[in-house]
Amino acid sequence: QVQLVETGGGSVQAGGSLRLSCAVSGFTYSRYCMFWFRQAPGKEREVVATITSDRITSYDGSVKGRFTIAKDNTKNTLYLEMNSLTPEDTAMYYCAAGLLSYADNCIGIDYWGKGTPVTISS
């Protein structure tokens, strides 16, 4: 069956770094757009970063320059490197995958992981 399993979350102080991983199985991973979402308590879920099958990346303005999304197709693993973390980055982080795209834009979500929590203290 399809599985997306996030790991690497935890608690760190402001200014610190974390690397999240998403291990995927059960679908043709290399053909999909991959996403990192996050959702803080009481707030809407938002896209943090995306990477297409051709490794074109996109970032939300709040994390641009601090976060890096990458994937290793040989390991079927998606990564999110997070640096210079602030309390505003505290949220549940979700890995997601979508097959539909137009040009270099990813336009749909087919699969979701269960999330990994990230807490940043001031």
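Residues numbered from 1 in each chain as written. Predicted model: local features only at pLDDT ≥ 70, side-chain atom pairs only at ≥ 80, totals over all residues. Heavy atoms only, no water.

Caption draft 1: Just the overall build of the chain, in detail. Each helix and strand in the chain was counted, giving zero helices and 13 strands. Each helix and strand of the chain, placed in order from N terminus to C terminus, yields the pattern β-β-β-β-β-β-β-β-β-β-β-β-β. Rg of the C-alpha trace for the chain: 14 Å, near the compact-globule value of 14 Å for 122 residues, within the 12% margin. Counting only C-alpha atoms and orienting by the principal axes, one finds that the chain spans roughly 40 × 30 × 30 Å. Counting every position in the chain, which comprises 122 residues, the buried fraction comes to 39%. Accessible surface, the chain: about 6500 Å² in total, of which carbon and sulfur atoms supply 47%. (Helix = DSSP H or I, 4+ residues; strand = E, 2+ residues; numbered from the N terminus. Rg over C-alpha atoms; globule rule 2.2 N^0.38 Å. Buried < 20%, exposed > 50% of the residue type's maximum accessible area, 1.4 Å probe, protein only. Areas by Shrake-Rupley, 256 points an atom, 1.4 Å probe, with all protein chains shown as cover.)

Caption draft 2: Representation of the state of the cysteines. Inspection of every chain in the model, using the stated rule, returns two disulfides. Note on cysteine connectivity: Cys22 is disulfide-linked to Cys95, with sulfurs 2.1 Å apart. Taking the torsion about the sulfur-sulfur bond, which here is approximately -80°, the covalent link between Cys22 and Cys95 counts as left-handed. In this pair, Cys22 sits in strand β3 (residues 18–25) while Cys95 sits in strand β9 (residues 91–98), placing the two residues 73 residues apart along the sequence. With relative accessibility at 0%, the residue Cys22 sits in the buried group. Covalent S-S linkage joins Cys33 and Cys106, the inter-sulfur distance amounting to 2.1 Å. Here the disulfide of Cys33 and Cys106 is left-handed, its torsion about the S-S bond being about -80°. (Disulfide = S-S within 2.5 Å.)

Caption draft 3: Broad picture of the nonpolar core. Among the nonpolar cores identified, the biggest contains 28 residues, and Met34, Trp36, Leu78, Leu80, Met82 and Tyr93 are the most heavily contacted of them. Residues within four places of Met34 in sequence aside, it is in contact with Leu4, Val24, Tyr29, Ala49, Thr50, Ile51, Ile69, Leu78, Cys95, Ala96 and Ala97. Counting five residues, the second-largest nonpolar core is a separate cluster that includes Cys33, Phe35, Tyr94 and Ala96. (Core = buried A, V, L, I, M, F, W, Y, C linked by side-chain atoms within 4.5 Å. Contact = heavy atoms within 4.5 Å.)

Caption draft 4: Inspection of the pairing of strand β5 (residues 46–51) at higher detail. As paired elements, strand β4 (residues 33–39) and β5 share five bridges and run antiparallel to each other. Residue pairing across strands places Met34 opposite Ile51, the latter belonging to β5. Linking β4 to β5, which pair antiparallel, is a turn of six residues; within it Gly42 sits at a positive phi near 80°. In this sheet, strand β6 (residues 57–59) lies alongside β5 in antiparallel orientation, the contact comprising three bridges. Bridge pairing in β6 places Ala49 opposite Tyr59. Hairpin geometry of β5 and β6 is characterised by an intervening segment of five residues between the two adjacent antiparallel strands and by a positive phi of about 70° at Arg55. (Pairing = 2+ DSSP bridges.)

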